[in-house]
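Commentary on secondary and tertiary structure
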Amino acid sequence: MCVQQVRGLFNMTKKSPCSVQALFDLCKQTFTPSATSPPSSQAVHKLYSLLDKIGPEEVGLKDESLEDERGHGLFGLNVFNRVDRWAQPITYVDIHEDQNFTMCMFCFPTSAVIPLHDHPGMTVLSKVLYGSLHVKGYDWVEPACIRKSVQIGHPTVRLARLAVDKVITAPHSTSVLYPKSGGNLHCFTAITPCAVLDILAPPYLEAAGRRCTYYHDYPYSSFANGDEIVGNGKEQDYAWLAVVDTPEDLYMRPGRYMGPAIQR
């Protein structure tokens, strides 16, 4: 095994930092303290056009999806790490965060999951840098359709429409979700080792009402009362979502950003 294959997840890159720096500069220009509404479609287009040009090397990563699905590396058991990749936590890499936007990365081992959660009032751009990731996302049905159960132990649920349910494999175009469309409530499952570069604007801030809430989705038929809110064979495009506690087994270890330095 060559030296580069055993150095781990993060590698320094000798490529030009201009793409990451340009992305940061455009985010700073687009997401300002005075903004009272989501960015315009033109501004979002500029951002995802720039994101589309960024690969793992530009942010200091190597393509872990080249390793076999057991997580033992290209040549079988990796003597430097005898833990199966699916037993490893997700790595969270903070690139930048201020009151206007967050730029970060999530590095997934095979089969790792980020459960169904929301992005209240936020615009999020996501770029899969390498590997394959299953994305399932919903948007709330408006006006709100809520079912409150009088039975103890039965959750209160709200109706949501399925917005996306697909596997994204790099290289792939940037995905965008908005406060009320594009799959604002979503979950990720790693099909292979993969990494995602995210831009969130504005960032999570509980004091401002932007708390990350987790959900469980139930098939539409689970809470249907025969009133046919959804019909014409489209039941599979809808689900009832119930708020759940933050999963106890959701653990993300911090990772160090090893890409080119950003001039802030």
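See above for the structure.
The structure reproduced in this document is the subject of the present report. (Residues numbered from 1 in each chain as written. Predicted model: local features only at pLDDT ≥ 70, side-chain atom pairs only at ≥ 80, totals over all residues. Heavy atoms only, no water.)

**Looking at the side chain of H96**
Here is the rule we go by: In this description a helix means any DSSP run of H or I spanning at least four residues, a strand means any run of E spanning at least two, and both kinds are numbered starting from the N terminus. Definition of a polar contact: a pair of N or O atoms within 3.5 Å, with one able to donate and the other able to accept a hydrogen when the atoms are protein atoms, and with sequence-neighbouring residues admitted only if both atoms are side-chain atoms. Two residues form a contact once any of their heavy atoms are found within 4.5 Å.
Among the secondary structure elements, H96 is positioned in strand β1 (residues 90-97). Polar contacts involving the side chain of H96 include one to the side chain of D98, which spans 3.0 Å. H96 has contacts with F24, F101, T102, M103 and R264, leaving out every residue within four places of it along the chain.

**Describing the environment of L197**
Heads up, the rule is: Burial classes follow relative accessibility: with a 1.4 Å probe on protein chains only, a residue under 20% of its type's maximum area counts as buried, one over 50% as exposed, and anything between as partly exposed.
Counting through the fold element by element, L197 comes out in strand β10 (residues 194-201). Judged by relative accessible area, L197 falls into the buried class, the value being 1%. Sequence separation between L197 and C104 is 93 residues; the distance between their C-alpha atoms is 5.9 Å.

**Quick word on the sheet that holds strand β2 (residues 102-108)**
Counted only if it meets this: Strand pairing is assigned whenever DSSP identifies at least 2 bridges connecting the two strands. Note on method: axes are straight lines fitted to C-alpha atoms, helices fitted across the in-contact stretch only, with angles between N-to-C directions ranging 0 to 180 degrees.
Ordered by their spatial adjacency, six strands build an open sheet running β8-β4-β10-β2-β1-β13, and the pairing between neighbours is mixed. Each edge of the sheet is formed by a strand with only one pairing partner; in this case those strands are β8 (175-177) and β13 (252-255). Here the average twist between neighbouring strands, direction ignored, is 25 degrees. Pairing of β2 with β10 involves seven bridges; the strand directions are antiparallel. Each residue of the ladder has a partner; that of T102, found in β10, is L200.

**Some points on the pairing of strand β7 (residues 157-169)**
Strand direction decides the pairing type here: strand β5 (residues 132-140) and β7, joined by nine bridges, are antiparallel. Paired with G137 across the bridge in β7 is V164. Alignment of strand β6 (residues 146-147) against β7, held across two bridges, turns out to be antiparallel. Its bridge partner lying in β7, R147 is registered against V157. Here four bridges tie β7 to strand β12 (residues 238-244), and the two strands are oriented antiparallel to one another. Across the sheet, R161 pairs through a bridge with Y238, a residue of β12.

**Quick word on the nonpolar core**
This is how it is decided: In plain words, nonpolar cores are sets of buried Ala, Val, Leu, Ile, Met, Phe, Trp, Tyr and Cys residues tied together by side-chain atoms within 4.5 Å.
The biggest cluster of nonpolar side chains holds 29 residues, and the ones touching the most others in it are L23, M103, M105, L129 and L197. Excluding its chain neighbours within four sequence positions, the residues that come into contact with L197 are L23, L51, I54, I95, M103, C104, M105, L125, S126, K127 and L129. In terms of nonpolar packing, the next biggest core, distinct from the first, is built from 19 residues, M122, L133, I168 and L177 among them.

**Let's talk about the pattern of salt bridges**
Here is the rule we go by: Salt bridges, as used here, are contacts in which a Lys or Arg side-chain nitrogen is within 4 Å of a carboxyl oxygen on Asp or Glu.
Applying the stated criterion across every chain, the model contains three salt bridges. The partner of R211 in a salt bridge is E206, and the shortest N-O contact between them spans 3.8 Å. In this structure R211 comes out as partly exposed when scored by relative accessible area, which is 43%.

**A word on the packing of aromatic side chains**
The cut-off we apply is this: Aromatic pairing here means that ring centres of Phe, Tyr or Trp (its six-membered ring) are within 6.5 Å. Orientation follows from the plane angle: under 30 degrees is stacked, over 60 is edge-to-face, and everything else is tilted. When the NZ atom of lysine or the CZ atom of arginine is within 6 Å of a ring's centre and also within 35 degrees of its normal, the charge is said to sit over that ring.
Taken as a whole and judged by the stated rule, the model has eight aromatic pairs. Judged by centre distance (5.4 Å) and plane angle (80 degrees), the ring pair of Y218 and F223 falls under edge-to-face. Take Y218: its relative accessible area is 26%, and that puts it in the partly exposed class. The buried category is assigned to F223, whose relative accessible area is 17%. Members of the aromatic cluster, each reached through a chain of ring pairs, are Y218, Y220, F223 and W240. One Lys or Arg, R264, reaches over the ring of F24 and ends 5.8 Å from the middle of that ring.

Purely spatial values, then, with no claim about function.
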